[in-house]
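# Observations on chain architecture
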Amino acid sequence: MTSPTPPPGSLLTASELRKTYGPTTALDGAAFSIHPGEVVAVMGPSGSGKSTLLHCLAGIVTPDSGSITYDGREMATMNDSQRSALRRSEFGFVFQFGQLVPELSCVENVALPLRLNGTGRKEAERIALSWMERLEVDDLKGKRPGEVSGGQGQRVAVARSLVTSPRVLFADEPTGALDSLNGERVMELLTDAARSTNAAVVLVTHEARVAAYSDREVVVRDGRSRDMERIV
Amino acid sequence: MSIGHTLLGLLESGPRHGYDLKRAFDEKFGHDRPLHYGQVYSTMSRLLKNGLVEIDGIEAGDGPERKRYAITEAGVTDVQRWLATPEKPEPYLQSTLYTKVVLALLTRRDASELLDTQRSEHLRMMRMLTERKRKGDLADQLICDHALFHLEADLRWLELTAARLDRLAEAVTAR
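The structure presented is a predicted model; accordingly, all values stated were derived computationally and were not measured. Throughout this description, residue numbers start from 1 for each chain and increase along the sequence as written. Both sets of labels track the order of writing: A upward for chains, 1 upward for ligands. Local features in a predicted model are, by the rule used here, given only for residues with pLDDT of at least 70; side-chain atom pairs are given and counted only at 80 or more, and totals for whole chains, interfaces and linings are based on all residues.

All names here are of chain B. Its domain assignment divides chain B into domain 1 (1-83) and domain 2 (86-175). Domain ranges listed in this record stem from an automatic or a database domain assignment. Just the C-alpha atoms count here: the centres of domain 1 and domain 2 sit 27 Å apart. Two residues qualify as being in contact provided that their C-beta atoms, derived from the backbone, are within 7 Å of each other. Listed by partner, the interface residues are 9 residues for domain 1 and 12 residues for domain 2. Under the DSSP-based scheme used, a helix requires at least four consecutive residues in state H or I and a strand at least two consecutive residues in state E, with every element numbered from the N terminus. Elements supplying a minimum of two residues to the side of domain 1 that touches domain 2: α1 (3-11) and α2 (18-28). Three classes are used, and their members are as follows: Ala, Val, Leu, Ile, Met, Phe, Trp, Tyr, Cys and Pro are nonpolar, Asp, Glu, Lys and Arg are charged, and the others, Gly among them, are polar. Tallied by class, the residues present in the side of domain 1 that touches domain 2 amount to 3 nonpolar, 3 polar and 3 charged.

This is the structure we're talking about:
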């Protein structure tokens, strides 16, 4: 397969992505590209294919056809363990519900990605705590996820997603379960932290107020994407 | 709302008399505010003067002469430009946006493109307000929040309309 040339400076690029689940077409020729340090909102109605697009870009789901290149490498040429290593070390993830491990303390949760990459406990928790300070949740370090509020838990999850200093942060409805004030604070902290490390953020959301924290938006409808910046 | 552009758009499907234009306008867009005859004739004279419509025929009758108007090439271009240009995001845009969507459907243009362009314009404004809010004091934050909530309401309407375009197209073309 010949990959189209990614736009200059693009870190993650996808073109002509197609993905079907049985009779349902989730992606039908979608395209995407993002630069380092850029926050791009992926918008669209429920069932439009925006989460499938995120899962394909993150290497969680393999598209039926199309091309995805990350930092000049074609994802389709990587094997499972290479893709998995990429997700562990270069990508970060935040979901609607923090998905913290309930048995671990907050600081252990944040340190977990570093521990999985082989960093020693003391060093991992030191780095984790510095990220918790930036997200203003360092006072929760010894608490379990069940003992903190939804907004606090989501900030812990954002700290965890950034602890490996990922080059791409994937956020799927990161404020979907929060009230307006907590949601805004999470978005402020998330985008500030990502910009300070020049990480690219792929932000899936159906909320305009959340998308307003992005630099531009890509609209997905019926599995096809439209990059508004490049059209208007 | 631009009455001139709306009347021009209605003329795209074929020449009409002033009276027919008023009736079509009232039926599709004037539920709360029907047009006065005076508004129709003054608007048509302006469009005629600007070369956006031309007289297609005059019928003599017992009463005053009845002029039939047809849209010119320049008129079609003018409607196209109006539909493709997003509205400045501000409160109470609904009637203008609704008119644009219906006219786009009536004239077989891409209404979803119009909605996408408008969404992008709204988001551009929301980004500016969000940035101002982040840097501002509490008063700034509250003022920006008020504007943001209004823009968000418009955007929800745009999304809902986008999801109902097929049904709306059926409804407006069936009338």
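This is not the end of the story, as more comes after the structure.
All names here are of chain A. Note on geometry: axes are C-alpha line fits, over the in-contact stretch for helices, and angles between N-to-C directions span 0 to 180 degrees. Orientation of helix α5 (residues 150-162) relative to helix α6 (residues 180-196), taken along the N-to-C sense of each, is 15°, at an axis distance of 10 Å. Between α5 and α6, the interaxial angle falls into the category roughly parallel. The two elements α5 and α6 cross, and the hand of that crossing is right-handed. Taken together, the residues of α6 that come into contact with α5 (itself represented by Gly 151, Gln 154, Arg 155, Val 158 and Leu 162) are Asn 182, Val 186, Leu 189, Leu 190 and Ala 193. Among the residues making up the contact of α5 with α6, the classes are represented as 6 nonpolar, 3 polar and 1 charged. Roughly parallel covers angles under 35 degrees, roughly antiparallel covers those over 145, roughly perpendicular covers 65 to 115, and oblique covers all other angles. Crossings are sorted by hand: turned counterclockwise from the far helix by less than a right angle, the near helix makes the crossing left-handed, and turned clockwise it makes it right-handed.

The nonpolar core is taken to be a set of buried Ala, Val, Leu, Ile, Met, Phe, Trp, Tyr and Cys residues joined by way of C-beta atoms within 7 Å. Partly exposed residues are those whose C-beta has more than 12 but fewer than 20 other C-beta atoms within 10 Å; 20 or more makes a residue buried and 12 or fewer makes it exposed, with C-beta atoms placed from the backbone. Ranked by internal contacts, the top residues of the largest apolar core, which has 101 residues, are Val 42, Leu 53, Leu 57, Val 110, Ala 159 and Val 202 of chain A. Domain assignment of the residues forming this core places at least three in each of domain 1 (1-83) and domain 2 (86-175) of chain B. Other than its neighbours up to four places away in sequence, Ala 159 of chain A contacts Val 110, Trp 131, Met 132, Leu 135 and Val 137 of chain A.

Residues and elements named next belong to chain B. pLDDT is a per-residue confidence score from the predictor, ranging from 0 to 100. Here chain B averages 88 in pLDDT, and 94% of its residues register 70 or above. Averaged pLDDT values for the elements of chain B fall to 87 in helix α8 (residues 165-174) and rise to 94 in helix α4 (residues 73-84). Reported confidences for the modelled complex are a pTM of 0.80 and an ipTM of 0.81.

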